[in-house]
Amino acid sequence: MPNKRDYYEILGVSKSASEAELKAAYRKQALAWHPDRNKSKEAETKFKEINEAYEILSDREKRAAYDQFGHAAFEPGGGFGGSQGPFGGQSQNYQQGPFSYSYTTYDGGQGPDIGFDFGGFSDPFEIFAQFFGGASPFGGRQTSRKPRYGIGLSFMEAAKGCEKEVSLEGKRKKIKIPAGVDDGSVVQFPDFYLTVDVKPDKTFRREGLDVYVEKEISFSQAVLGAIIEVPALEGNIGLKVRPGTQPGTMVRLGGKGIKNPRGSGQGDEYIRLKVTVPSRLSRRQKEILEEFEEN
């Protein structure tokens, strides 16, 4: 398969990449090339490649076969399937935005489906929705006629959940967004699907269910210790800085992260402490530091 790009190259990772590194790379690439977000001509092809690469490399057995035999492992007779392709399945047509796609097997003896062919790999939008915490917009490979809409949320609205009044087909209605949805999540409602677009936050950065915050502390606070206020999802809380804290120290606040939108459980909050070194010192301050250095 000479035209096939290397899966590791597609995701931008090394062959020794860990599972976490693969997930992070997939997330970055999938968000960048999802056709609902990227309107360039090559978005469909890129998104297909990204999902195909992640589906293989995220599976231990398939990754091992790929590492040993390359793309040949997934050709007919290569050990992961026959003429139906590596994952088989019945042919079905789907519509996503301005383009359609289908599986490569046959439907009821009527001949191959016509549409955008993903080479026998599973539905990339299904992978995307599951990976980003939402239900598949196609109901688990069942053809769906429900309309699909998008909504923009602030970081806090997504993290804590909210109620929104929206206009759908000329009708106003209130909908509840569950706490913990992430950027790209797909929420299923009785009559439609809703894709969530979360705006970045100036204070909080999210990774999975965990949130990260950077907090500046003074040189004296790092040396002597202090009680400081740090931002959390539920408001500011007190944090004890230990004497002798080093720049870049990470403090974990268990259970202060994002709630799991799929059930029980909650992530953590991580505070990275940045020590601010004063640029101007009084003569007495300089003397004290010089004495400290001598001792």
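Residues numbered from 1 in each chain as written. Predicted model: local features only at pLDDT ≥ 70, side-chain atom pairs only at ≥ 80, totals over all residues. Heavy atoms only, no water.

By the naming in an unreviewed UniProt entry, the protein goes by J domain-containing protein.

S.K.: If you had to explain the overall build of the protein to someone new, which residues and values would you point to?
M.R.: Along the protein, the regular secondary structure elements total eight helices and 14 strands. Here the protein holds 295 residues, and the buried ones make up 38% of them. A sequence separation of at least 24 residues applies to 50% of the contacts in the protein between residues at least 6 apart. Summed over its atoms, the accessible surface of the protein is roughly 17400 Å², and 48% of this surface lies on carbon and sulfur atoms. (Helix = DSSP H or I, 4+ residues; strand = E, 2+ residues; numbered from the N terminus. Buried < 20%, exposed > 50% of the residue type's maximum accessible area, 1.4 Å probe, protein only. Contact = heavy atoms within 4.5 Å. Areas by Shrake-Rupley, 256 points an atom, 1.4 Å probe, with all protein chains shown as cover.)

S.K.: Lay out the packing of helix α2 (residues 19-33) against helix α3 (residues 43-57) in plain terms, naming residues and giving numbers.
M.R.: Between α2 and α3, the least distance of the axes is 9 Å, while the angle of their chain directions is 165°. The orientation of α2 with respect to α3, classified from their angle, is roughly antiparallel. The way α2 lies across α3 gives a crossing that is left-handed. Contacts from Leu22, Lys23, Tyr26, Gln29, Ala30 and Trp33 in α2 reach Ala43, Lys46, Phe47, Ile50, Asn51, Tyr54 and Leu57 in α3. For the contact of α2 with α3, the class distribution of residues is nine nonpolar, two polar and two charged. (Axes fitted to C-alpha atoms, helices over the stretch in contact; angles between N-to-C directions. Parallel < 35°, antiparallel > 145°, perpendicular 65-115°, else oblique. Left-handed = near helix turned anticlockwise from the far one by under 90°. Nonpolar A, V, L, I, M, F, W, Y, C, P; charged D, E, K, R; others polar.)

S.K.: Any details on the pattern of salt bridges? Residues and values, ideally.
M.R.: By the definition in use, this model includes 14 salt bridges. Close ionic contact of Arg206 with Asp182 constitutes a salt bridge, the shortest N to O distance being 3.8 Å. Here Arg206 is found in strand β9 (residues 205-207), whereas its partner Asp182 is found in the loop between β6 (171-177) and β7 (186-188), with 24 residues between them in sequence. For the pair shown, Arg206 and Asp182 are each scored as buried. We note a salt bridge from Arg252 to Asp268, for which the minimum N-O separation is 3.0 Å. Remark: Asp268 occurs in the loop between β13 (250-253) and β14 (269-276) and Arg252 occurs in strand β13; sequence separation between them is 16 residues. (Salt bridge = Lys/Arg side-chain N within 4 Å of Asp/Glu carboxyl O.)

S.K.: A description of the sheet that holds β14 should follow, citing residues and the corresponding values.
M.R.: The mixed open sheet is built from four strands, whose spatial order is β9-β10-β14-β13. Whereas interior strands pair on both sides, the edge strands pair on one side only; in this sheet they are β9 and β13. Sheet twist, expressed as the mean angle between neighbouring strand axes with direction ignored, is 30°. With eight bridges connecting them, strand β10 (residues 210-218) and β14 associate as parallel partners. Among the inter-strand pairings, Tyr212 is bridged to a residue of β14, identified as Tyr270. (Pairing = 2+ DSSP bridges.)

S.K.: So what's going on with the sheet that holds strand β4 (residues 148-153)? Which residues, and what values?
M.R.: Across a sheet, strands are paired by hydrogen bonds formed along the backbone, either parallel or antiparallel in direction. Pairing is mixed across the open sheet formed by three strands, whose spatial order is β4-β8-β7. With partners counted over all chains shown, the strands left at the sheet margins are β4 and β7, one partner each. Ignoring which end each strand starts from, the neighbouring axes of this sheet average 30° apart. As paired strands, β7 and strand β8 (residues 193-198) are joined by three bridges and run antiparallel to one another. For Val186, the partnering residue across the bridge sits in β8 and is Thr195.

S.K.: Give a detailed account of the environment of Ser14, specifying residues and quantitative values.
M.R.: Position of Ser14 among the secondary structure elements: in the loop between α1 (7-11) and α2. Ser14 gets classed as partly exposed once you look at its relative accessible area, which sits at 42%. Separated by 3.1 Å, the side chains of Ser14 and Ser16 make a polar contact. (Polar contact = N/O pair within 3.5 Å; in protein donor to acceptor, adjacent residues only side chain to side chain.)

S.K.: Break down the packing of aromatic side chains for me, citing the residues and quoting the values.
M.R.: Under the counting rule described, the total for this entry stands at seven aromatic pairs. Relative to Phe192, the ring of Phe189 has its centre 4.9 Å away and its plane inclined at 20°; by these criteria the two rings are stacked. On the basis of relative accessible area, Phe189 is assigned to the buried category, the value being 14%. Each residue in the set Tyr7, Tyr8 and Tyr66 is aromatic and connected to the rest through ring pairs, giving one cluster. A cation over a ring is seen here: Lys46 above Trp33, with NZ or CZ 5.4 Å from the ring centre. Here Arg205 stacks its cationic end above the ring of Tyr212, 4.7 Å away from the centre of that ring. (Phe/Tyr/Trp six-rings, centres within 6.5 Å; stacked < 30°, edge-to-face > 60°. Lys NZ or Arg CZ within 6 Å of the ring centre and 35° of its normal.)

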